[in-house]
Amino acid sequence: MENTKLLELSALIFPDLDDCDTIESLEEKFPERNLPEGTKVTRIAPSPTGSMHLGNLYGALADERVAHATGGGVFMLRIEDTDDKREVPGAVEKIIKYLGGFGLNFDEGATAQGDFGNYGPYRQRQRAKFYHIVARKLLLEGRAYPCFCTEEQLEAAHKAQEAAKDNFGYYGKYAIHRNMPIDEAIEKIKNGEKFVLRFKSMGDPSKKTPFKDSIKGNLEIPENDQDFVLLKSDGIPTYHLAHVVDDHFMRTTDVIRGEEWLSTLPWHIELWAACGFRRPRFSHTSQVLKFDEEIGSKRKMSKRKDPECTLEFYYTTGYPRTSVIEYLMTLLNSNYEQWRSANPDKNYREFPFSTNKMSASGALFDIAKLNDISKNVIARMTAEEVYEGVSDWAKEYDEEFYSLISRDPEYTTNIFAIGRGGKKPRKDFSCWSEVRDFISYFFDETFKVNENEYPENITVADRKAILSEYAQVYKTEADNNGWFETVKILSEKHGFTSDMKAYKADPTAFKGSVADVSTVIRVAITGRQNSPDLFAICNLLGEECVKARVSAQA
Ligand code: GLU
């Protein structure tokens, strides 16, 4: 009798399901993956509700490395789009584009060309039936029930809990619909009353269960007693039910997710068990933190306060993807830097990645360190690679600069060749948007001289005399020595010594030194006091250009 009533209730709650929609049918449709022992299956499961942030990339890189570091694993992209009110149009495409742009390619999941893989669909909204199948099983086994509480009732309970200093939530005596007779529930549903489907917890929070987290270590988790919501009133699952169903039927071996889920882990432990599914391994990643100078302590990164928090920032600012990945690897695994110094030329993919080496307490983001790493990454690139990186970036984010540098790609590549290679390559820039200013003097359109750059200790008359003569005598030299010889002769002629020892012994005996004269010339040609090797710059600019610039300043 009771059983017939339960079936009637279930038919009312799940009109979309018929008898063939069973757990067994799902088990058959999504069988265990036929993978060698130890192979990992991971996923990232972003919600398309806003811009991606660094934490997403941090987590995604961990997922990708766990799946691929030992070879043969599967890395999936699952779109958690159950909150359609907060969904931002185009967010899914951005997730795919941004993560792909960092070289994190998915083996399965939502792709720009649609879903790919045998364990889909990979977008939660298209998986409604699967959640209902599992929810129905829980209902029929007495582990779920409809709850008709209104907002007002829930609020009143919350207030009563506050006054009684009780825990918040729907449990124990506060779970007023938990034991409602089935007839009554049927009646209410027939009358069109709104309801949610709640989990029926059997836990006792005074008891603890051991739980092994691959990052946080061995934990003691109190049992759950909350009758949390499985299905919302529109039949859409909460994260709690959805992740269990998805990770079970997608055959995820390792759930790597943010530590904000630790607080509801007791719910999940009980739900996995109630469903009768084998739980995957869990790794809860620490948040990415930042040191806030203003408050003098660490805090969570925020999209509102920290531009570097969004992934968009790395694209618009033009960080090479290898720099960002390289930096995140140092944040992810404490032994990465050591490995990198021992293996400077290896690809990061060769590093033996491990969740055990992830920080349990928080990864501290430091943009100065990223810039440093990026400078090293760029310094190791060939001139051709730098040209490619800069022009790909400029094409999208700085059209004017793009047209300048792509007019003569060989010329621009030669700019990047100056000071490159050799034991101590120059480390000028950390991202592509810094390049424009750095190389502006190589193009007449962007070259300009700021008078203030000229050394103060040289009179305008001396400066002009030096430049006027240099314009006369300058010619392309075969080597640096020949070039410097001309500058020395010129210096002596104008009362600036090229004998640095003599100059140091008595600076008052001279107007200045050859270094001052070089600076004057450098400013006239490049507009600045600091630049890469001036001889190389002059050769690239060409005799005509050098002479024209110098005489214009004479
Ligand atoms: N959509 C969830 C989030 O963005 C996914 C958590 C998980 O990876 O399980 O936090």
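Everything below is about the structure printed above this text.
Just so we're clear, the structure is a prediction, and the values are computed from it rather than from any experiment. (Residues numbered from 1 in each chain as written. Predicted model: local features only at pLDDT ≥ 70, side-chain atom pairs only at ≥ 80, totals over all residues. Heavy atoms only, no water.)

Here we come to the site of the ligand. Near the ligand you find Arg43, Ala45, Ser47, Glu80, Tyr239, Arg257 and Trp261, and these make up its full shell. Between the ligand and the protein, one listed contact pairs an oxygen atom with a side-chain N or O atom of Tyr239 at 2.5 Å. Interatomic distance of 3.2 Å between a side-chain N/O atom of Trp261 and an oxygen atom of the ligand. Its free accessible area being 300 Å², the ligand has 81% of it covered by the protein chains. (Near = heavy atom within 4 Å. Polar contact = N/O pair within 3.5 Å; in protein donor to acceptor, adjacent residues only side chain to side chain. Areas by Shrake-Rupley, 256 points an atom, 1.4 Å probe, with all protein chains shown as cover.)

Next up on the list: helix α4 (residues 91-101). Within α4, burial applies to Ala91, Val92, Ile95, Ile96, Tyr98 and Leu99. Where α4 is buried, its residues contact β1 (41-44), α3 (54-68), β2 (74-77), β3 (108-111) and α10 (311-317). Two residues or fewer after α4 comes Gly103, characterised by a positive phi angle close to 80 degrees. (Buried < 20%, exposed > 50% of the residue type's maximum accessible area, 1.4 Å probe, protein only. Helix = DSSP H or I, 4+ residues; strand = E, 2+ residues; numbered from the N terminus. Contact = heavy atoms within 4.5 Å.)

You can see Tyr315 is positioned in helix α10. Separated by 191 residues in the primary sequence, Tyr315 and Gln124 have C-alpha atoms spaced 28 Å apart. In contact with Tyr315, not counting residues within four places along its chain, are Lys97, Tyr98, Gly101, Phe102, Trp393 and Tyr397. A polar contact of 2.7 Å, which involves the side chain of Tyr315, links it to the backbone oxygen of Tyr98.

Core analysis: the biggest nonpolar cluster contains 101 residues, and Leu99, Tyr314 and Phe442 have the highest contact counts within it. Excluding residues that lie within four positions of it along the chain, Leu99 makes contacts with Ile44, Met52, Leu57, Ala60, Leu104, Phe106 and Leu311. Of all hydrophobic cores here, the second largest spans 51 residues; its members include Leu9, Tyr122, Phe148 and Val255. (Core = buried A, V, L, I, M, F, W, Y, C linked by side-chain atoms within 4.5 Å.)

By the definition in use, this model includes 29 aromatic pairs. Where Phe228 meets Trp267, the ring centres are 4.7 Å apart and the plane angle is 10 degrees; that geometry is what we call stacked. Note that Phe228 is positioned in the loop between β8 (217-222) and β9 (229-231) and Trp267 in helix α9 (residues 265-275), a separation of 39 residues in sequence. The two residues Phe228 and Trp267 agree in class, both being buried. Ring pairing ties together the aromatic residues Phe30, Tyr119, Phe130, Phe249 and Phe277, which thus form one cluster. Here Arg198 stacks its cationic end above the ring of Tyr170, 3.7 Å away from the centre of that ring. Its end group placed over the ring of Tyr454, Arg463 keeps NZ or CZ at 3.9 Å from the ring centre. (Phe/Tyr/Trp six-rings, centres within 6.5 Å; stacked < 30°, edge-to-face > 60°. Lys NZ or Arg CZ within 6 Å of the ring centre and 35° of its normal.)

What is shown is where atoms sit, not what they do.
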